[in-house]
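Breakdown of the fold
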Amino acid sequence: MFEPAQLRTFLAVAQTLSFTQAAQRLGLRQSTVSQHVRKLEEAAGRRLFARDTHAVELTEDGEAMLGFARTILEANERATSFFAGTRLRGRLRFGASEDFVLTRMPEVLEGFRRDHPEVDLELTVELSGTLHELLAAGRLDLVLAKRRPEESRGRLVWRDRLVWVGTDRLRLDPQQPVPLVVFPPPAVTRARALEALERQGREWRISCTSGSLNGLIAATRAGLGVMAHSLGMLPPGLVRIPPRVGLPELGGVDFVLLHGQRAGAARGPAEALAEAILAGGDRLHLPQGLP
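The structure contained in this document is the topic of the report that follows. (Residues numbered from 1 in each chain as written. Predicted model: local features only at pLDDT ≥ 70, side-chain atom pairs only at ≥ 80, totals over all residues. Heavy atoms only, no water.)

**Looking at the pattern of salt bridges**
Counted by the stated rule, this structure contains 13 salt bridges. The shortest N-O distance in the salt bridge between Asp-61 and Arg-46 comes to 3.1 Å. In this pair, Asp-61 is assigned in helix 4 (residues 60–84) and Arg-46 in the loop between helix 3 (30–44) and strand 1 (49–51), connecting sequence segments 15 residues apart. For Arg-46, a relative accessible area of 47% translates into the label partly exposed. Note that Lys-146 and Asp-99 form a salt bridge whose closest N and O atoms lie 2.6 Å from each other. Here Lys-146 is found in strand 5 (residues 142–146), whereas its partner Asp-99 is found in the loop between strand 3 (90–97) and helix 5 (105–115), with 47 residues between them in sequence. (Salt bridge = Lys/Arg side-chain N within 4 Å of Asp/Glu carboxyl O. Helix = DSSP H or I, 4+ residues; strand = E, 2+ residues; numbered from the N terminus. Buried < 20%, exposed > 50% of the residue type's maximum accessible area, 1.4 Å probe, protein only.)

**With respect to the side chain of Thr-9**
Positionally, Thr-9 belongs in helix 1 (residues 4–16). Not counting residues up to four positions away in its chain, the partners in contact with Thr-9 are Leu-26, Leu-28, Val-33, His-36 and Val-37. (Contact = heavy atoms within 4.5 Å.)

**Comments concerning helix 9 (residues 267–279)**
With 13 residues, helix 9 should cover 18 Å at 1.5 Å per step; its first-to-last C-alpha distance of 18 Å lies within 8% of that length. For helix 9, the full list of buried residues reads Pro-269, Ala-270, Ala-272, Leu-273, Ala-274, Ile-277, Leu-278 and Ala-279. (Expected span 1.5 Å × (residues − 1).)

**Observations regarding empty space enclosed by the protein**
One pass over the structure, following the stated rule, counts four cavities of 30 Å³ or more. Approximately 110 Å³ is the volume found for the largest cavity. As for the largest cavity, its lining consists of Leu-162, Val-163, Trp-164, Arg-240, Ile-241, Pro-242, Pro-243, Leu-247, Pro-248, Glu-249 and Leu-250. Among the elements that make up the lining of the largest cavity, the one with the highest residue count is strand 6 (residues 155–166) (three residues). Broken down by class, the residue content of the lining of the largest cavity amounts to nine nonpolar, no polar and two charged. (1 Å grid on protein atoms, 1.4 Å probe; cavity = no way out; pocket = protein on both sides within 12 Å on 5 of 7 lines; lining within 4 Å. Points joined across faces, edges and corners; volume = space filled by probe spheres on them. Nonpolar A, V, L, I, M, F, W, Y, C, P; charged D, E, K, R; others polar.)

**With respect to the packing of aromatic side chains**
Evaluation of the coordinates by the stated rule reveals three aromatic pairs. Measuring from ring centre to ring centre gives 6.2 Å for Phe-19 and Phe-49, while their planes differ by 65°; the resulting arrangement is edge-to-face. With a gap of 30 residues between them, Phe-19 in helix 2 (residues 19–26) and Phe-49 in strand 1 connect regions that are remote in the sequence. Considering the side-chain rings of Trp-158 and Phe-255, the 4.8 Å spacing of their centres and the 25° angle between planes classify their relative orientation as stacked. Placement of Trp-158 in strand 6 and of Phe-255 in strand 11 (residues 252–259) is noted, with a sequence separation of 97 residues between them. For the pair Trp-158 and Phe-255, a shared accessibility class is recorded, and that class is buried. Through successive ring pairs, a cluster of aromatic residues spans Phe-10, Phe-19 and Phe-49. (Phe/Tyr/Trp six-rings, centres within 6.5 Å; stacked < 30°, edge-to-face > 60°.)

**Things to note about the pairing of strand 7 (residues 178–182)**
Along strand 7, five of the five residues are buried, which leaves the element largely enclosed by surrounding structure. In strand 7, alternate side chains face the same way, and those of Val-178, Leu-180 and Val-182 on one face and Pro-179 and Val-181 on the other are all buried. Pairing geometry for strand 7 and strand 8 (residues 204–209), over five bridges, is parallel. Looking across to strand 8, one finds that Val-178 is bridged to Trp-204. Between the parallel pair strand 7 and strand 8, the chain is carried across by helix 7 (residues 188–200), and the sense of this crossover is right-handed. (Pairing = 2+ DSSP bridges. Right-handed = clockwise from strand over helix to strand, strands pointing away.)

**Topic: the side chain of Glu-41**
Locating Glu-41 in the fold gives a position in helix 3. Judged by its relative accessible area of 12%, Glu-41 falls in the buried class. Those residues in contact with Glu-41 that sit more than four places away from it in its chain are Arg-46, Arg-47, Leu-48, Phe-49 and Arg-51.

Take a look at the structure:
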């Protein structure tokens, strides 16, 4: 028997790659998180994380446990909802950033719709910066987006790295401005890319601007330039620009869930969708069609 509480803790650590961040998300002490992971490893008879003082990584057995943990927790949630006899109702306005267009987010939303058929789900796909503005204006109830560098609020779904990506045929001339493929303002990745280049003193030019992630990917695949993108959701057909090219480091990026201020009918559905996203957050790293 694998305990649901231990599986939830395992998923939180796997998604954030941090015992500290997992503890904050779950509202537990860090020692409790460590205890849950240790007990789960004892129950499995396998080591699930390779960890030292600097980093936490999933082992091969830990990667396998991800799928089992999701399945067990989803089944447990469905059984709990069925026997509790309560059905969520109401309208839920959910916003997701452009980053999730090519991931398995549809599977998470499909599962939510199956479990809560009487919730009227309205989906808005936009830039992270725009979603923050819509949430502040009271036009969304729940948002999954990149966290702004100056902010600390939000429930961390996972932490990733921003990297430069491009086609493997692209060759950058160090004597020429860096050609950039970017979202329009107020995109978080655009701001981070320009700030990093400015700090390095590297000249740049914008070769393509598009509000569509598919548009940016097409332009980058065509060799128009490089773009800043999260490493965990690297688009097919693009590769990470190697450090030897000399482009500046872009640092980490947090993907977080943010709740709106509207009380009432949306609160229950928003919390239920948030829990579904947290439980299946690791799936959002994967392109559609991959297991």
